[in-house]
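Spelled out, the chains give:
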Amino acid sequence: MFKHIIWDFDGTLYDTYPTITLSFKKALEHMGIVEDHNMVSSMVKVAEAHALDYYERVYKIDRKALKEKYDTFRKEVQLMDVKPFPSVDAICKDIVIAKKYNYIYTNRGKSIIDHLDHFDLLQYFTDIIRRENNFARKPAPNALLYLLDKHKMNPLEVIMIGDRDIDILAGKNAGIRTCYFDFDNEKKVEIADYTVNDMKELYGIIGL
């Protein structure tokens, strides 16, 4: 059904939220704030900027200092501690074998290359849009529209897969189909065209 598959990275291809949450929680503690783990997790899952804005507003702390400390703790995370979700390697490989194409659109920076390379997944991606490309952040469709134009995609053959509202909204704003990856059954995103809880469910949707 779909020829071009555009993936989000954090929480979609890779199970990064445990280490992201821990790094943010440690940054807060460094600034004298002890926050509930689940609360921090819910904030960073919306978006990094959302979490930074929230804690700056609630605790009247220096947003820049919090961001710098958070970034420091994130850089200390070992590559081996951030793993792809089960079956990610298989489905990305099978997409390429079927002469279809994988892409990534993420707000994460250049560290994504190291994470993909560590698990030998970089080879399966035709193009990657990351923070350094300086597109407007999700849910703006700019980066997706750029990919569609650059690779001459038919919008009817494109699907955006992500784990957050902003991923789905970005896809909708770009005029393409969307799939919400609800790996922990936390909530529903009604505007998504599809919802899956397991990567293997994507085989039927993509048409493998």
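Note that this is a predicted model, so its numbers are computed, not measured.

Student: What's the story with helix 4 (residues 63–75) in this structure? I'm lost.
Tutor: Structurally, the α-helix is built with 3.6 residues per turn, so residues lying three or four positions apart point the same way. End to end, helix 4 covers 18 Å across 13 residues, agreeing with the expected 18 Å (1.5 Å per residue, within 8%). Among the residues making up helix 4, those that are buried are Leu66, Tyr70, Phe73 and Arg74. When helix 4 is viewed along its axis, its buried side chains cluster within an angular range of 100 degrees and face the same direction. Counted as exposed and oriented over 90 degrees from the buried face of helix 4: Lys64 and Lys75. On its buried side, helix 4 packs onto helix 1 (17–30) and helix 3 (48–59). The backbone nitrogen of Lys64 has a side-chain oxygen 2.9 Å away, supplied by the residue at the start of helix 4, namely Asp62.

Student: Mind showing me how you'd approach the pairing of strand 1 (residues 4–7) here?
Tutor: Side-chain positions along a regular strand alternate between the two faces of the sheet. Of the two faces of strand 1, both are covered, the one formed by His4 and Ile6 as well as the one formed by Ile5 and Trp7. Bridging between strand 1 and strand 2 (residues 101–105) involves 4 bridges; their strand directions are parallel. Of the residues in strand 2, the one forming a bridge with Ile6 is Tyr103. Both strand 1 and strand 4 (residues 158–162) contribute to a ladder of 4 bridges, which runs parallel. If you follow His4 over to strand 4, its bridge partner there is Val158.

Student: Sorry, what's going on with the pattern of salt bridges here?
Tutor: Oppositely charged side chains can pair when the atoms bearing their charge come close. One pass over the structure, following the stated rule, counts 13 salt bridges. Taking the shortest distance from any N to any O, the salt bridge between Lys25 and Glu29 comes out at 2.9 Å. On the criterion of helical spacing, the pair formed by Lys25 and Glu29 is a turn pair, its members being 4 residues apart in helix 1. In this structure, Glu48 engages Arg131 in a salt bridge whose closest nitrogen and oxygen atoms are separated by 3.9 Å. Separated by 83 residues along the polypeptide, Glu48 in helix 3 and Arg131 in the loop between strand 3 (125–129) and helix 7 (142–150) bring together distant segments of the chain. Relative accessible area serves as the criterion here: at 14%, Glu48 is assigned to the buried category. Judged by its relative accessible area of 35%, Arg131 falls in the partly exposed class. Residues joined in a network through salt bridges with shared partners are Glu48, Lys67, Asp71, Arg74 and Arg131.

Student: For this particular structure, what's the right way to read the sheet that holds strand 5 (residues 177–181)?
Tutor: Sheets are built from strands that pair by backbone hydrogen bonding, the pairs being arranged parallel or antiparallel. Spatial strand order, 3-2-1-4-5-6: 6 strands in an open sheet with parallel pairing. The two strands at the open ends of the sheet, each matched to only one other strand, are strand 3 and strand 6 (194–196). Adjacent strand axes in the sheet meet at a mean angle of 20 degrees when their direction is disregarded. As defined by bridge partners, strand 5 adjoins strand 6 across 3 bridges and the pair is classed as parallel. Bridge pairing in strand 6 places Tyr180 opposite Thr195. Where helix 6 (residues 111–118) meets the sheet, it contacts strand 2 and strand 3, and its direction lies at approximately 150 degrees from that of strand 3. Its contacts with the sheet put helix 7 on strand 1, strand 2, strand 3 and strand 4, and the angle it makes with strand 3 is roughly 145 degrees.

Here is what the cut-offs are and how they apply
- Residues numbered from 1 in each chain as written.
- Predicted model: local features only at pLDDT ≥ 70, side-chain atom pairs only at ≥ 80, totals over all residues.
- Heavy atoms only, no water.
- Helix = DSSP H or I, 4+ residues; strand = E, 2+ residues; numbered from the N terminus.
- Expected span 1.5 Å × (residues − 1).
- Buried < 20%, exposed > 50% of the residue type's maximum accessible area, 1.4 Å probe, protein only.
- Arc of directions from axis to C-beta.
- Contact = heavy atoms within 4.5 Å.
- Polar contact = N/O pair within 3.5 Å; in protein donor to acceptor, adjacent residues only side chain to side chain.
- Pairing = 2+ DSSP bridges.
- Salt bridge = Lys/Arg side-chain N within 4 Å of Asp/Glu carboxyl O.
- Axes fitted to C-alpha atoms, helices over the stretch in contact; angles between N-to-C directions.

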